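Letter by letter, the chains look like this.
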Amino acid sequence: MADNNTNTSGAHLTPEDYGITTPAATDTSAPANSGNDYGISLPIAPEGGIPAYPGNMNNGGNNNDYGISLPIAPEGGIPAYPGNMNNGCNNGCNNCTIWPPITTLPIFPSCPSCGVTQSSAQVRFLNASANAFPVSISIDNTNYVGNSRFGTVSNYDRVSDGFHTVTVRRASGLRSVLLQQSFPFTGGQKYTMVLADAPAGGLTMTQVSNDGCSNMNYNTGCYRVANFSYSGSSYDVMLYSHDAVFRNVGFREVTSYKQAMAGSYQFYITNSNTFSVIRELPMIVIGAVTNGSFNNDPLVSFQVTITAGSRFTSYLIGNNWSDIGFRVLTLED
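This text gives an overview of the structure that appears in the document. (Residues numbered from 1 in each chain as written. Predicted model: local features only at pLDDT ≥ 70, side-chain atom pairs only at ≥ 80, totals over all residues. Heavy atoms only, no water.)

**Considering the environment of Gly151**
Right, on to step 1. Structurally, the position occupied by Gly151 is in the loop between strand E3 (142-148) and strand E4 (157-160).
Right, on to step 2. With 25 residues separating them along the chain, Gly151 and Leu126 place their C-alpha atoms 7.0 Å apart.
Right, on to step 3. Discounting residues that sit within four places of it in the chain, Gly151 has contacts with Asn127, Ile317 and Leu329. (Helix = DSSP H or I, 4+ residues; strand = E, 2+ residues; numbered from the N terminus. Contact = heavy atoms within 4.5 Å.)

Shown next, in the form of structure tokens:
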């Protein structure tokens with residue numbers, strides 16, 4: 001039987017014999033059966049390269065080989081690929097490292113000169129719990145405080161904007177979880193997280209915002225008091241003049257800031273006197289004098305130096321029946 005590709009004279013037929021015109025070859029070294037041999041339109045290869053075939057996207061080509069439109073790179077830079085954009089470090093810093101965000105850890109700017117941005121908050125931890133054993137405190141999977149004991153406070157550290165889980169564990173032994181709670185952190189703000197003894201036993205944590213009282217008058221600062229001593233406690237904060245600065249400050253209560261003229265003050269803590277009318281100062285001023293005496297004997301006295309333009313909080317912690325005693329810890333916010 002005769003071969004279909006031969007004529008009766010035995011000569012080999014070509015596509016032109018059937019009226020088919022094939023493209024002229026431009027490269028005699030190109031492999032046979034390439035896509036253009038059959039009139040298939042492919043993306044134009046980079047100069048000196050070969051076309052990239054559909055389904056073979058990862059063999060050394062770049063995205064522009066496949067006709068994908070990418071953002072135009074800054075002059076002298078490289079294209080920014082989707083999902084790998086600059087993480088908030090776009091305020092004048094050069095040569096910032098670009099990484100995809102890691103959701104399980106706090107996200108910080110990658111270049112130090114960027115400073116604190118609206119994408120991160122500042123947080124510190126105060127241990128007001130009367131427990132004798134030390135604890136460690138972590139946010140999500142990152143350890144922030146180790147071997148924290150009563151009356152200790154950590155330095156400010158950064159945490160990314162959003163909700164995060166705070167976990168308190170024993171610092172030694174079985175390292176059992178004592179408390180786990182989720183809190184919101186707002187970028188650009190500062191917080192003090194206070195660990196205290198819960199009324200029904202165990203531990204409790206309170207998030208105290210350290211922002212506010214920003215519009216201060218000339219030569220004034222801001223001052224407030226927070227009670228984290230024990231459940232059921234309530235105090236008055238008095239001046240030597242017997243004027244009340246704050247009244248009836250209950251457990252886990254944080255007063256509002258009050259403006260105070262810059263200077264040194266001697267404060268007195270007494271148990272609240274709820275049966276008498278005591279004038280509460282709208283502003284703390286040195287030299288205010290009122291005749292009278294304390295309705296209740298002071299539990300403790302302490303001195304605070306308030307500087308102009310600064311905020312201070314005095315934390316009342318501890319108790320009178322244990323070895324730790326009743327203390328006042330004043331922190332600049």
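**A few points about the pattern of salt bridges**
Right, on to step 1. The tally for this structure, following the rule as stated, stands at three salt bridges.
Right, on to step 2. Between Asp333 and Arg224 there is a salt bridge; the shortest N-O distance is 3.6 Å. With Asp333 in the segment after strand E17 (326-332) and Arg224 in strand E9 (residues 220-228), this residue pair connects regions lying 109 residues apart in the sequence. Each member of the pair, Asp333 as well as Arg224, is classed as buried.
Right, on to step 3. Residues Glu280 and Lys258 are paired through a salt bridge, measuring 2.9 Å at the closest nitrogen-oxygen approach. (Salt bridge = Lys/Arg side-chain N within 4 Å of Asp/Glu carboxyl O. Buried < 20%, exposed > 50% of the residue type's maximum accessible area, 1.4 Å probe, protein only.)

**Some words on the packing of aromatic side chains**
Note on aromatic pairs: each is described by the distance of the centres and the angle between the planes.
Right, on to step 1. This model, assessed by the stated rule, comprises 10 aromatic pairs.
Right, on to step 2. Summarising the aromatic geometry, the rings of Phe228 and Tyr315 are spaced 6.3 Å apart at their centres and angled 35° between planes, so their arrangement reads as tilted. One end of the pair, Phe228, is in strand E9; the other, Tyr315, is in strand E16 (residues 311-318), and 87 residues separate them in sequence. Comparing Phe228 with Tyr315 shows no difference in burial state: the two are buried.
Right, on to step 3. Of note, Lys190 hangs over the ring of Tyr156, and the distance from its end group to the ring centre comes to 4.7 Å.
Right, on to step 4. Here Lys258 stacks its cationic end above the ring of Phe246, 5.0 Å away from the centre of that ring. (Phe/Tyr/Trp six-rings, centres within 6.5 Å; stacked < 30°, edge-to-face > 60°. Lys NZ or Arg CZ within 6 Å of the ring centre and 35° of its normal.)

**Some words on the sheet that holds strand E8 (residues 203-209)**
Right, on to step 1. One open sheet accounts for four strands, arranged E4-E1-E7-E8; its pairing is mixed. Pairing within the sheet leaves two strands with one partner each, and these edge strands are E4 and E8. Across this sheet, the average inter-strand angle for adjacent strands is 35°, counted without regard to direction.
Right, on to step 2. Where strand E7 (residues 190-197) meets E8, seven bridges bridge the pair, whose relative direction is antiparallel. Within E8, the position partnered with Thr192 by the bridge is Val208. (Pairing = 2+ DSSP bridges. Axes fitted to C-alpha atoms, helices over the stretch in contact; angles between N-to-C directions.)

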